[in-house]
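The chain contents come next:
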Amino acid sequence: MSPDAECGGRALALIDQVLAKRPDKDDVALADCARELCVYRDALILAQRAAPADKDARLRLSHVNSILAVVLAVHFPIDAAPWDELEKARDWLAQLLSEAATTAA
Amino acid sequence: MPSLGATFGRGAATMALWDLQNSDCVVVMGSNMAENHPIGFRFVVEAQRRGAKLIHIDPRFTRTSALADVHAPIRSGSDIAFLGGLIHYVIENDLWFRDYALNYTNLAHIISDDYVDSEDNEGLFSGFDPVAKTYDHESWQYKDQAVPPLTDPTLQHANCVFQILKRHYARYTPERVEEITGCPKETFLKVAEIIAANSGRERTTAICYAVGWTHHSYGVQIIRAASLLQALMGNMGRPGGGIMALRGHVSIQGSTDIPTLYNMLPGYLDQPNLLAGHATLDDYLKLKTPPTGWWSNLPKYVVSLLKAWYGEAATADNEWGFQFLPKLASDASQEPMTLSMANGVVKGQFILGQNPLVGAVNSELVEQGLAKLEWLVVRDFAMTETGDFWRNGRRVQKGEATPEQIGTEVFFLPASMPGEKEGSVTNTSRLVQWHDWVCDAPGDSRSDLWFMYHLGLRLKALYADSDLTRDRAIQALTWDYPTKGEHQEPEAEAVLKEINGWTVTDRKQLSTFTALKADGSTAAGCWIYTGIYPEEGKNLARAHVPDAPDGPGSHAGWAFAWPANRRTLYNRASADPDGRPWSDRKKMIWWDESQSKWTGLDVPDFVADKRPDYRPDWSKSPHGMDAISGAEPFMMEATGRAMIFTPTGIKDGPLPTYYEPVESPTRNAFHAQQASPTVHTYDVPGNALHPPEDPRFPYVFTTYRLTEMHCGGVPTRVMPHTAELQPEAFVEISPELAEALGIKTLDWTVLSTLRSEIEVKALVTERMRPFKINGKTVHQVGMPWVFGWKGYTSGAVANALLAITGDSNTSIHTTKALTCNVRAGRLKADQRQVSS
């Protein structure tokens, strides 16, 4: 597994940890998760810049940004924390990592 | 702040500064107005010359106190106990202005049977979710959610707002006020008596506040409490009456009108929120547009804004460009943003007109965040602590980081000063005033408008060929402002003309926001400013014609006050329900039967030809302003009435209730709920809070400005002639505490919290007094927050001691009431701040 994918994997585990504790909000895990996702995002940005025409790479980056937005929405909610959205984001991330692993293989 | 908006309809000062001279009583609370708003304070002095009383309610004895008839000292953060005590006093003694409040507020409205007040539930209102720390507002609604709301004009119904209010503040007795605030009962009663004696048909009282109220973990509710009092006393919309929201510096009002806030669009339109169901324009408008009241016009303002921003790219087929707008998902205010910088979420930041290393709380967390950025752009006319953080920041000075370890690429760009650029400022009275260019700025200094315009041009060029949906917003943005001079300075008046608005087909300037349409035929960058540039070549912000001494006193020919050049908001309330002035002495707006319109000394803040005896025909389900009677002055509210009780719009309770500050040396004497249950706290390393009654941090700590130091200090610290007026930082300590700690004036002291430690010299002064709180002595210390390490005058950054917290409604931090320790002596040599 590539280092960036490892970050994605750790982010996934942290989302699972956050979801397991809901409705209590685990701020420390959410902050860690944001950090891991940012490292993953930075790797995808580099990949996208290296291959600007790669639409899949751009799509992956777009998806990670969306996942990060939902993690932040739970970490810093405007109203109630959007747990259902976080569940969906968790599944997007799992799918993204799975596809990345398949591509790498 | 949303408190004024939720209570009266608009989030702004309700009166002109000069109208303070017409007050019979001025209450300054949460402000040291004489020192920090000295120009506006002359109207208070004039009011005193005419016989008005001045009351200053403040923890310190300041120059404002020195000029006041009464100084009421209170412990920092206990404001709601004091204001609640005033509400209790006027209700219990039947001193409220019944004819006004009964007709113009929702006192008679009946609330849901499911509502449970915080007084009956240990400090928590019904609907509280203890895990999410949020409220469901369902039980706060009007009974049966009837439209119009059910009422009991006799005010006897157990669940009418009046009875709820009466019960809610029943325990806020003068004795309890003294126990909690430390203000002697006799002083409190004197304040209450003066306010009551100076309110009613013949007399009015104004309340002035500043960030001494907003910078609390429940600042919105402090302002709400004052709003309730003013509504009960009939002091809104009348000469010399109102709430004067003194803004922190010159164009703070303008920066919320045309906002730098993350959650608002210009003209107080909500930023769309993806998680609130605002995915489409249709959804957004359906959810945000009330069926009754002036805000039923919301679609006109939203579509006109989109047309101003996106021009021909905004069409009916693409929701007028609604999808170009970013949608919120999270709280993106300053505190979460600071923390997100440290987490790597935010990659770059522009700092314009701000110095967060000094002005933001928990300076070291701010530094950690800045150190994680890839790039930072600081624009100012002198180097600030923020621009210098990577070289001389607190963490660098303490050896916790080195410049080599900080990867942030910092760009410092010189900015021009006011005389070096043209443009407008919107002052504390909603008054938009123009200033002209006088001379060019030296060297490469440029205006902020120049910077933003040319940055926009470059971004548009960068994304011009993109076929990505997300880049369409930049491509679609209208950016066609004419420029002049060798530096291609954009014409500021062209921006103002767009803000004012025009008809799309012929670009004819609009003279009133009532001309705005939701069909794409009009464009306006900020609907509340429409009318400021009503025709070609006519910029009313430049108008400089004051009234003659025998004129109406509204000075309608001097600049432009939004909305519609009205100087006193809600001025329909200056007349009784029948349209007659409450008194000749306090007349402002009245109904002229012969002309069938409202007339008077100001621009009427009402539908000009709506008769006072108009009543909606509810059998026909009236819409918009048709649902507001001719005797309901607060037309921005869906019911046309001031909201004593807020069923919606305030997140932490429909009535202000007393909580201790987020850090406090005492327990909440009212109920088990110590601090606001919905306050935003951030559990991250370096941001720990002190528990209640923590013996390690026994003193209340508060911060404030100095007359001689402007904003974050740099503008005056770099000028020798102003720097020498305040040569070094200091902490103010009472003689009693100084004696107990063995400290004399000019001795070094160390102030500490769990966030940080600083050293600063002592100023032992009777301006600071110990308080007797809940039976024990509580000391308070205060320090100006305007010092740093840049400039001729340097000193410890007070805000390094503070924690990142947030008001439930605004996420604004608290700087006015935390706790600390004080000891005599100095920090170790390697922990001291060195100036540069």
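Just above, that's the structure.
My aim in this report is to walk through the structure given alongside it, one point at a time. Nothing here was measured: the structure is a model prediction, and the numbers come from that model. For every chain, the first residue of the written sequence is number 1, and numbering continues from 1 onward in sequence order. All chains are assigned letters beginning at A, and all ligands numbers beginning at 1, according to the order in which they are written. With the structure being a predicted model, the display of local features is reserved for residues of pLDDT at least 70 and the display and counting of side-chain atom pairs for 80 or more, all residues being used for whole-chain, interface and lining totals. As a rule here, side-chain values cover all heavy atoms of the structure and leave hydrogens and water aside.

**Regarding the overall build of chain B**
A count of helices and strands for chain B gives 25 helices and 31 strands. Relative to the 2.2 N^0.38 estimate, which gives 28 Å for 836 residues, the radius of gyration of chain B is 26 Å and therefore close to what a compact globule would have. When its C-alpha atoms are laid out on the principal axes, chain B stretches across 80 × 70 × 55 Å. Whether a residue is buried, partly exposed or exposed follows from its accessible area with a 1.4 Å probe, protein chains only, as a fraction of its type maximum: under 20%, in between, or over 50%, in that order. For chain B, with 836 residues in total, the buried portion stands at 60%. Here a residue-residue contact requires only that any non-hydrogen atoms of the pair lie within 4.5 Å. A fraction of 71% describes how many contacts in chain B between residues 6 or more apart in sequence connect residues 24 or more apart. Working note: accessible area of chain B is about 30,800 Å², and carbon and sulfur atoms make up 53% of it. The sign given to each residue is positive for Lys and Arg and negative for Asp and Glu; His and the chain ends receive no count. Here the site of a charge means NZ on Lys, CZ on Arg, CG on Asp, or CD on Glu. Here chain B holds 79 positive side-chain charges and 97 negative ones, and the gap between their average locations is 2 Å. Helix and strand labels come from DSSP, where a helix needs a run of H or I of at least four residues and a strand needs a run of E of at least two; each type is numbered from the N terminus. Here the radius of gyration uses the C-alpha set of atoms, whereas the globule reference equals 2.2 Å times the residue count to the power 0.38. Methods summary: accessible areas were calculated by the Shrake-Rupley approach with a probe of 1.4 Å, and residue burial reflects only the protein chains presented.

**Overview of the overall build of chain A**
Per the secondary structure count, chain A includes four helices and zero strands. Overall, chain A shows an N-to-C arrangement of helices and strands of α-α-α-α. Relative to the globule expectation of 13 Å for 105 residues, the C-alpha radius of gyration of chain A, 14 Å, shows essentially globular dimensions. Overall, chain A is about 40 × 25 × 20 Å in size when its C-alpha atoms are taken along their principal axes.

**Focus: helix H17 (residues 363-372) of chain B**
Counting buried positions along H17(B) gives eight out of ten residues, so the element sits mostly inside the fold. Here the buried face of H17(B) lies against helix H15 (334-342), strand S10 (348-352), helix H16 (356-359), strand S11 (375-380), helix H18 (389-392) and helix H19 (394-397) of chain B.

**Looking at the sheet that holds strand S14 (residues 431-435) of chain B**
Residue and element names in this part refer to chain B. DSSP bridges decide pairing: two strands pair if at least two such bridges lie between them. Strand order across the open sheet formed by three strands is S13-S14-S19, with antiparallel pairing between neighbours. Strands at the two margins of the open sheet, each flanked by one partner only, are strand S13 (423-426) and strand S19 (560-561). Here two bridges tie S14 to S19, and the two strands are oriented antiparallel to one another. From the neighbouring strand, Val432 faces S19, where its bridge partner is Phe560.

**Brief notes about the interface of chain B and chain A**
With 21 residues of chain B at the contact, the number on the chain A side is 24 residues. Values labelled buried area give the accessible surface lost by two parts on being combined, using a 1.4 Å probe and summing over both. For the chain B and chain A pair, buried surface summed over both sides reaches about 1,900 Å², with 60% attributable to carbon and sulfur atoms. Throughout this description, the term salt bridge denotes a Lys or Arg side-chain nitrogen within 4 Å of a carboxyl oxygen of Asp or Glu. Run the count over chain B and chain A and you get two salt bridges. Between Lys347(B) and Asp42(A) there is a salt bridge whose closest N-O contact spans 2.6 Å.

**Examining the packing of helix H13 (residues 281-288) of chain B against helix H14 (residues 298-310) of chain B**
Residue and element names in this part refer to chain B. Angles shown run from 0 to 180 degrees and are taken between the N-to-C directions of axes, each axis being a line fitted to C-alpha atoms and, for helices, limited to the stretch in contact. Look at H13 against H14: their axes get within 10 Å of each other, and the N-to-C directions meet at 145°. Between H13 and H14 lies a crossing whose hand is right-handed. Counted together, Leu281, Tyr284, Leu285 and Lys288 of H13 and Leu298, Pro299 and Val302 of H14 form the full contact between these two elements. Gly is placed with the polar residues, together with every amino acid not listed as nonpolar (Ala, Val, Leu, Ile, Met, Phe, Trp, Tyr, Cys and Pro) or charged (Asp, Glu, Lys and Arg). A per-class count over the contact of H13 with H14 returns six nonpolar, no polar and one charged. Crossing handedness follows the turn of the near helix against the far one: under a right angle anticlockwise gives a left-handed crossing, and clockwise gives a right-handed one.

**Re the sheet that holds S10(B)**
Backbone-to-backbone hydrogen bonds join strands into a sheet, with any given pair of strands oriented parallel or antiparallel. All names here are of chain B. The three strands are arranged S10-S11-S12 in an open sheet whose pairing can be described as parallel. This sheet does not close on itself; its edge strands, each paired only once, are S10 and strand S12 (409-414). Here the average twist between neighbouring strands, direction ignored, is 10°. Bridging between S11 and S12 involves six bridges; their strand directions are parallel. Opposite Trp375, over in S12, you have Glu409 as the bridge partner.

**Brief notes about the packing of aromatic side chains**
The rule is short: rings of Phe, Tyr and Trp, with Trp giving its six-membered ring, pair when the centres are within 6.5 Å, and they are stacked under 30 degrees, edge-to-face over 60, tilted in between. Taken as a whole and judged by the stated rule, the model has 37 aromatic pairs over all chains. With 6.0 Å between their ring centres and 55° between their planes, Phe76(A) and Tyr682(B) make a pair best called tilted. You can see Phe76(A) sitting in the loop between helix H3 (55-75) and helix H4 (83-104) and its partner Tyr682(B) sitting in the loop between strand S22 (680-681) and strand S23 (699-704), one on each of two chains. Exposure class is identical for Phe76(A) and Tyr682(B). Each is buried. These aromatic residues form a ring-pair network of at least three members: Tyr115(B), Phe125(B), Phe128(B), Tyr135(B), Trp140(B) and Phe645(B). A ring has a charge above it when a Lys NZ or an Arg CZ is no more than 6 Å from the ring centre and no more than 35 degrees off the ring normal. Between the NZ or CZ atom of Lys327(B) and the centre of the ring of Phe322(B), over which it lies, the distance is 4.7 Å. Positioned above the aromatic ring of Trp562(B) is the side chain of Arg430(B), whose terminal nitrogen or guanidinium carbon lies 5.9 Å from the ring centre.

**Some details on the nonpolar core**
Here, the term nonpolar core denotes a set of buried Ala, Val, Leu, Ile, Met, Phe, Trp, Tyr and Cys residues that are joined through side-chain atoms within 4.5 Å. In this structure, Leu20(B), Phe82(B), Leu107(B) and Leu165(B) are the most contacted members of the largest nonpolar core, which totals 104 residues. In terms of residue count, the dominant contributor to this core is helix H5 (residues 79-92) of chain B (nine residues). Among residues more than four places away in sequence, those in contact with Leu107(B) are Trp96(B), Ala101(B), Leu155(B), Cys160(B), Val161(B), Phe162(B), Leu165(B), Leu232(B) and Ile644(B). Cys33(A), Leu93(A), Leu376(B) and Leu706(B) belong to the second largest nonpolar core, which has 85 residues in total.

**Things to note about a negative patch on the surface**
Residue and element names in this part refer to chain B. Excluding any residue in a salt bridge, patches collect residues exceeding 30% relative accessible area, merging like charges within 9 Å and nonpolar Val, Leu, Ile, Met, Phe, Trp and Tyr side chains within 5 Å. Taken together, the side chains of Asp114, Asp129, Asp136 and Glu138 present a region of like negative charge at the surface. Residue placement: Asp114 occurs in the loop between helix H6 (98-104) and strand S4 (128-129). By relative accessible area, Asp114 is classed as exposed at 56%.

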